[in-house]
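Tertiary structure, described
Read off the chains here:
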Amino acid sequence: MQGKKDYQEKLFTSFRLSDRIPKENFYRRLKEALNLDFLYPLTHQFYGESGQKSIDPVVYFKICLVGYLENITTDRGVMDHCAMRLDILYFLGYDVDEELPWHSTISRTRKLFTDDVFEEVFTRVFKLCVEAGLVSGHTQAIDSAPVKANASMDSLELKVPAEDLEEHLSKLRVQSSRDRKAKENKAPKEQQEITASKQELQEIKSRNKRWSKDQDMKPGAKNKGSKYTSNKTHYSPTDPDARISVKPGKARKLNYLCNIAVDTKAHVITDVQAYHADKKDTKYLKDTVTRLNRRLRREGLIWENLLADAGYSSGENYAYLENKGLTPYIPPHGTYKGGPEGFQYFKEGNYWLCPQGKR
């Protein structure tokens, strides 16, 4: 007999959320394995002794984790997603008839906690992974990726010399009438002033002339993003930490640089740090190694090998890692051709012999 389902709201119902979540469900297993009670004493200083109750700090960090696991980058999107998933509601400790926190509450809570709190949470979770046997420490892989800043290229401001603003503006670059100005300039004074040398400014001026000739007849030429911009001459007043960066074949954007280290045993992230995007990966390797080595040794783990791409290649980094007792597996740049001309390398003694016969 053919069935036909008619839906009708019930005034009263008997429902248990835990009965609807399978035992093998990821979020159910994560809820059983992840204990974040250490967050209560860690964040106690940020709350008063009276007034309306805030969002539970454990719930807040679980929501952050859900956003990472589900690859959702906006607070509004995360909260909408949580409301539609029974397993996530169970993970957060909310029943189907309980109202979830507003997305604006998530934003305000993020601003409430200091960087030290997030660093401590990362360290505690890393320790849980070590205790579970997920981290060996023996081999670490390091890489970086640009992270798009929440700032527009159209809002860029010109850096100016303190002594002569108008003359510099007329020489360096003619501003478009379509340029948008930020309502509030959040950049410190030192970032608004030019630090480039006269030679660098002359090179940028020459590039601007070439760009104006080449770009005028192309679509989008009137947009600031299609003109040559540089961190030497421009800054973002809305996001002073953002920097102009570019990859081959990509348009110039305001980015940060995210540097991540991963343990090769179970792919657990062992270090993560955001840097300015106007420098190469080689400049940040020492800082990452120092911080990561300290974290691994604190947990009794011995680090021996480092894996990275050619972006981290430099003689300075090779020497630094050798002095630290680390074996780097970092390929040299494609332009590298070996030692200096006329020098001979002797593997047995690990030394070079110059053309004058000296080590």
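Keep in mind it's a predicted model, so treat the numbers as computed, not measured. (Residues numbered from 1 in each chain as written. Predicted model: local features only at pLDDT ≥ 70, side-chain atom pairs only at ≥ 80, totals over all residues. Heavy atoms only, no water.)

Attention now moves to the pairing of strand β5 (residues 253–263). Strand direction decides the pairing type here: strand β1 (residues 139–148) and β5, joined by nine bridges, are antiparallel. By the bridge assignment for β5, A141 is matched with V262. As paired elements, β5 and strand β6 (residues 269–276) share seven bridges and run antiparallel to each other. The partner of A261 across the bridge, within β6, is D271. In this structure, the hairpin formed by β5 and β6 is closed by a connection of five residues, where H267 is found at a positive phi of approximately 65 degrees. (Pairing = 2+ DSSP bridges. Helix = DSSP H or I, 4+ residues; strand = E, 2+ residues; numbered from the N terminus.)

Further remarks concern the packing of helix α5 (residues 75–83) against helix α7 (residues 103–112). Where α5 meets α7, the axes come as close as 8 Å, and the angle between the chain directions of the two elements is 130 degrees. For the element pair α5 / α7, the angle class is oblique. The interaxial crossing formed by α5 with α7 has right-handed handedness. Touching D75, R76 and M79 of α5 are H103, I106, S107 and R110, all from α7. Residue composition of the contact of α5 with α7, by class: two nonpolar, two polar and three charged. (Axes fitted to C-alpha atoms, helices over the stretch in contact; angles between N-to-C directions. Parallel < 35°, antiparallel > 145°, perpendicular 65-115°, else oblique. Left-handed = near helix turned anticlockwise from the far one by under 90°. Contact = heavy atoms within 4.5 Å. Nonpolar A, V, L, I, M, F, W, Y, C, P; charged D, E, K, R; others polar.)

Here we come to unusual backbone geometry. Positive phi values are uncommon outside glycine, yet H267 reaches one of about 65 degrees. Considering the arrangement of structural elements, one finds H267 in the loop between β5 and β6. Positive phi, normally seen in glycine, also occurs at N350, with a value near 55 degrees. If you trace the backbone, N350 turns up in the loop between β9 (344–346) and β10 (351–353).

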